[in-house]
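Descriptive structure summary
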Amino acid sequence: MSSTAPNPFDDGITLQPIANSSNITKQKADRRAERRRQEAVSRLVVDATRPPDFLLEETTIAAADKDRKDDEYSNLHALETIKLEAKLRSQQHSTLLLASTVASSIERGLDRELHTELLKQGKDAQNVISKICHDHSEDFLESVGKVVAALCGPCEEVKSSLNEVRSLL
């Protein structure tokens, strides 16, 4: 016998099936992978934008002290040479670090993300510099005006000599 009477337990709400646990696991894995990619790109950006670590004078002298004798420091030329060598080593280290960073990003397939992030940081830095220049331009122009007003005669001499040089070219 079939009954056409409504089911007293049916409230008219249709239930959505519970998400498959494999879908949840896949979503978590995708989020984790994306977060790890972003962290890797962040580390690469830090390495790529690290400024050269030119050594301080005291550190330079201390590092050079291991290789050189004390009497060499009395010579100012020797001290300047030590500083220059340290600066050159630092620049070479920075260049190698940048090359290694780019190679690592290519190997990991993160070169596009690194490029995008570096461009973004470049634009952000450009905006900050523009804002600073704009904010301080009035002060700068005012100080230039004061200098020109104070040195009116010498400024005219410089202007005439510049015009003379231009006419010769």
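A quick note: this is a predicted structure, and the numbers were derived from the prediction, not measured. (Residues numbered from 1 in each chain as written. Predicted model: local features only at pLDDT ≥ 70, side-chain atom pairs only at ≥ 80, totals over all residues. Heavy atoms only, no water.)

Remarks on a positive patch on the surface
- A cluster of basic residues, Lys 28, Arg 31, Arg 32, Arg 36, Arg 43 and Arg 108, forms a positive patch at the surface.
- Structurally, Arg 36 can be placed in helix H1 (residues 21-48).
- Using a relative accessible area of 57% as the deciding quantity, one classes Arg 36 as exposed. (Patch = residues over 30% accessible without salt bridge, like charges linked within 9 Å, V, L, I, M, F, W, Y side chains within 5 Å. Areas by Shrake-Rupley, 256 points an atom, 1.4 Å probe, with all protein chains shown as cover. Salt bridge = Lys/Arg side-chain N within 4 Å of Asp/Glu carboxyl O. Lys, Arg positive; Asp, Glu negative; His and termini not counted. Charge placed at Lys NZ, Arg CZ, Asp CG, Glu CD. Helix = DSSP H or I, 4+ residues; strand = E, 2+ residues; numbered from the N terminus. Buried < 20%, exposed > 50% of the residue type's maximum accessible area, 1.4 Å probe, protein only.)

A word on the nonpolar core
- Counting residues in each nonpolar core, the largest one holds six residues, listed as Ala 40, Val 41, Leu 44, Val 45, Leu 110 and Leu 114.
- Counting residues per element, this core draws most heavily on H1, which supplies four residues.
- Those residues in contact with Leu 110, other than ones at most four positions away along the chain, are Arg 37, Ala 40, Val 41, Leu 44 and Ser 105. (Core = buried A, V, L, I, M, F, W, Y, C linked by side-chain atoms within 4.5 Å. Contact = heavy atoms within 4.5 Å.)

Description of the environment of His 93
- Here His 93 lies in helix H3 (residues 76-108).
- A relative accessible area of 48% means that His 93 is categorised as partly exposed.

Notes on the side chain of Thr 101
- Tracing the backbone shows Thr 101 in helix H3.
- In terms of polar contacts, Thr 101 uses its side chain to reach the backbone carbonyl oxygen of Leu 97, at 2.7 Å.
- Aside from chain neighbours lying at most four places away, what touches Thr 101 is Leu 44, Asp 47 and Ala 48. (Polar contact = N/O pair within 3.5 Å; in protein donor to acceptor, adjacent residues only side chain to side chain.)

Observations regarding the environment of His 115
- Secondary-structure assignment places His 115 in helix H4 (residues 111-150).
- For His 115, a relative accessible area of 49% gives the class partly exposed.
- A sequence separation of 74 residues divides His 115 from Val 41, and the C-alpha atoms of the two residues are 9.5 Å apart.

Topic: the pattern of salt bridges
- On inspection of all chains with the given rule, the structure shows six salt bridges.
- Ionic pairing is found between Arg 35 and Glu 39, a salt bridge with its closest N-O pair at 3.8 Å. Of this pair, Arg 35 and Glu 39 are both found in helix H1, four residues apart, which corresponds to roughly one turn of the helix.
- Overall, the relative accessible area of 45% leaves Arg 35 in the partly exposed class.
- Residue class for Glu 39 comes out partly exposed when judged on its relative accessible area of 38%.

Some remarks on a nonpolar patch on the surface
- A cluster of nonpolar residues, Phe 140, Leu 141, Val 144 and Val 148, forms a patch on the protein surface that exposes about 360 Å² of accessible area.
- Structurally, the position occupied by Phe 140 is in helix H4.
- Overall, the relative accessible area of 52% leaves Phe 140 in the exposed class.

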